[in-house]
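Listed below, chain by chain, are the residues.
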Amino acid sequence: MFITEIFKSIQGEGTRAGLPCIFVRLTGCNLRCTWCDTAYAFHGGTKYSVDEIAEETDRLAGPGGHRVTLVEITGGEPLLQPETPALAQRLLAAGYTVLIETSGERFVGSLPAEVVKIVDVKCPDSGEPDTFEMANLKAIGPQDEVKFVISTRRDYEFAREFARAHRLTERVHEVLFSPVFADPAGAWPGLEARQLAEWILADGLPVRLGLQLHKVI
Ligand code: SF4
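Our subject in this report is the structure included herewith. (Residues numbered from 1 in each chain as written. Predicted model: local features only at pLDDT ≥ 70, side-chain atom pairs only at ≥ 80, totals over all residues. Heavy atoms only, no water.)

## Description of the site of the ligand
Alright, step 1. Taken together, the residues surrounding the ligand are Cys29, Leu31, Arg32, Cys33, Trp35, Cys36, Thr38, Phe42, Gly76, Ser103 and Lys122.
Alright, step 2. If you map the ligand onto the pockets, it falls in the largest pocket.
Alright, step 3. Across the shell around the ligand, the residue classes break down as six nonpolar, three polar and two charged. (Near = heavy atom within 4 Å. 1 Å grid on protein atoms, 1.4 Å probe; cavity = no way out; pocket = protein on both sides within 12 Å on 5 of 7 lines; lining within 4 Å. Sits in = over half its atoms within 2 Å of the grid points. Nonpolar A, V, L, I, M, F, W, Y, C, P; charged D, E, K, R; others polar.)

If you want it as structure tokens, here you go:
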């Protein structure tokens with residue numbers, strides 16, 4: 001497998017935000033979101049076997065009583081690499097809770113059922129609209145999360161209508177609305193979290209506002 005980095009940090013997003021977590025970042029992505037903050041993972045990477053990734057994860061997880069038990073497979077787009085389901089299975093077998101972050105463009109049904117799938121639906125102003133694999137709606141369930149990264153009012157309205165049309169809050173554990181975080185170098189603008197919060201409250205949406213905790217820390 002091609003790996004950009006394996007590291008331990010604090011989970012920044014989703015319902016496990018704030019928990020210690022090991023991240024396995026796979027190299028390569030077939031999309032080009034305008035606000036992508038992991039473009040460094042598009043190319044290159046170091047070749048690892050599934051066993052080598054599991055060994056490095058175990059090393060970072062630490063010993064016995066204080067072992068980190070949460071692992072996220074991310075990217076790039078992790079579902080582009082054919083061994084990703086085998087990697088997830090290997091980490092599950094080692095006793096980890098395994099999360100996967102995916103763009104939603106690839107079918108997630110090839111992953112082991114126990115994997116917590118955090119599936120994006122790309123909004124119009126991401127630059128990658130209409131890329132969501134609709135078959136994923138049948139492959140996600142009560143432990144999974146659907147995430148919309150929102151940069152404009154148009155994105156917000158798209159997310160609101162998509163979530164309603166497909167009854168997402170009934171299908172998955174949590175629907176996440178996350179504002180785009182402005183690029184520190186000015187390459188793309190952000191959306192104020194307060195603005196998104198006001199829209200969510202005005203419409204009474206049963207979604208979770210997601211802030212990227214790792215960017216704060
Ligand atoms: S899908 Fe993710 S990694 Fe790929 S371009 Fe979009 S934000 Fe970046």
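Moving on from the coordinates now.
## Side note on the sheet that holds strand 3 (residues 46-47)
Alright, step 1. Pairing in this open sheet of nine strands is mixed, and the strands run 3-1-2-4-5-6-7-8-9 from one edge to the other. Edge positions in the sheet fall to strand 3 and strand 9 (208-209), since each has one partner strand and no second.
Alright, step 2. Taken together, the three bridges between strand 6 (residues 116-120) and strand 7 (residues 145-150) define a ladder with parallel strand orientation. Paired with Ile118 across the two strands is Glu145, which belongs to strand 7.
Alright, step 3. Sheet contacts for helix 2 (residues 84-93): strand 2 (20-26), strand 4 (70-74) and strand 5 (97-102); angle to strand 4, the most-contacted strand, approximately 175 degrees.
Alright, step 4. Those strands touched by helix 4 (residues 153-165) are strand 7 and strand 8 (174-179), and its axis lies near 160 degrees from that of strand 7. (Pairing = 2+ DSSP bridges. Helix = DSSP H or I, 4+ residues; strand = E, 2+ residues; numbered from the N terminus. Contact = heavy atoms within 4.5 Å. Axes fitted to C-alpha atoms, helices over the stretch in contact; angles between N-to-C directions.)

## Here we look at the packing of helix 1 (residues 50-61) against helix 2
Alright, step 1. Between helix 1 and helix 2, the shortest axis-to-axis distance is 10 Å and the interhelical angle comes to 40 degrees. On the basis of their axis angle, the class for helix 1 and helix 2 is oblique. Crossing angle aside, the handedness with which helix 1 passes helix 2 is right-handed. Within the contact between the two elements, helix 1 uses Val50, Asp51, Ile53, Ala54 and Thr57 and helix 2 uses Ala86, Leu87, Arg90 and Leu91.
Alright, step 2. Counted by class, the contact of helix 1 with helix 2 contains six nonpolar, one polar and two charged residues. (Parallel < 35°, antiparallel > 145°, perpendicular 65-115°, else oblique. Left-handed = near helix turned anticlockwise from the far one by under 90°.)

## Points about the side chain of Thr38
Alright, step 1. Residue placement: Thr38 occurs in the loop between strand 2 and strand 3.
Alright, step 2. Under the relative-accessibility criterion, Thr38 is labelled buried at 14%.
Alright, step 3. In this structure, Thr38 is in contact with Arg25, Gly75 and Gly76, ignoring residues within four places of it in sequence. (Buried < 20%, exposed > 50% of the residue type's maximum accessible area, 1.4 Å probe, protein only.)

## Re the layout of surface pockets
Alright, step 1. Reported here for the largest pocket is a volume of approximately 690 Å³.
Alright, step 2. Those elements that provide at least two residues to the lining of the largest pocket are strand 1 (2-10), strand 2, strand 4, strand 5, strand 7, strand 8 and helix 7 (213-216).
Alright, step 3. Ranked by residues supplied to the lining of the largest pocket, first place goes to strand 1 with three residues.
Alright, step 4. If you add up the space inside the second largest pocket, you get close to 180 Å³.
Alright, step 5. As for the second largest pocket, its lining consists of 14 residues, of which Pro179, Phe181, Leu191, Ala193 and Leu211 are closest to the centre.
Alright, step 6. Going through the elements one at a time, strand 8 and helix 7 are the ones with two or more residues in the lining of the second largest pocket.
Alright, step 7. Of the residues assigned to the lining of the second largest pocket, the class counts are nine nonpolar, four polar and one charged. (Points joined across faces, edges and corners; volume = space filled by probe spheres on them.)

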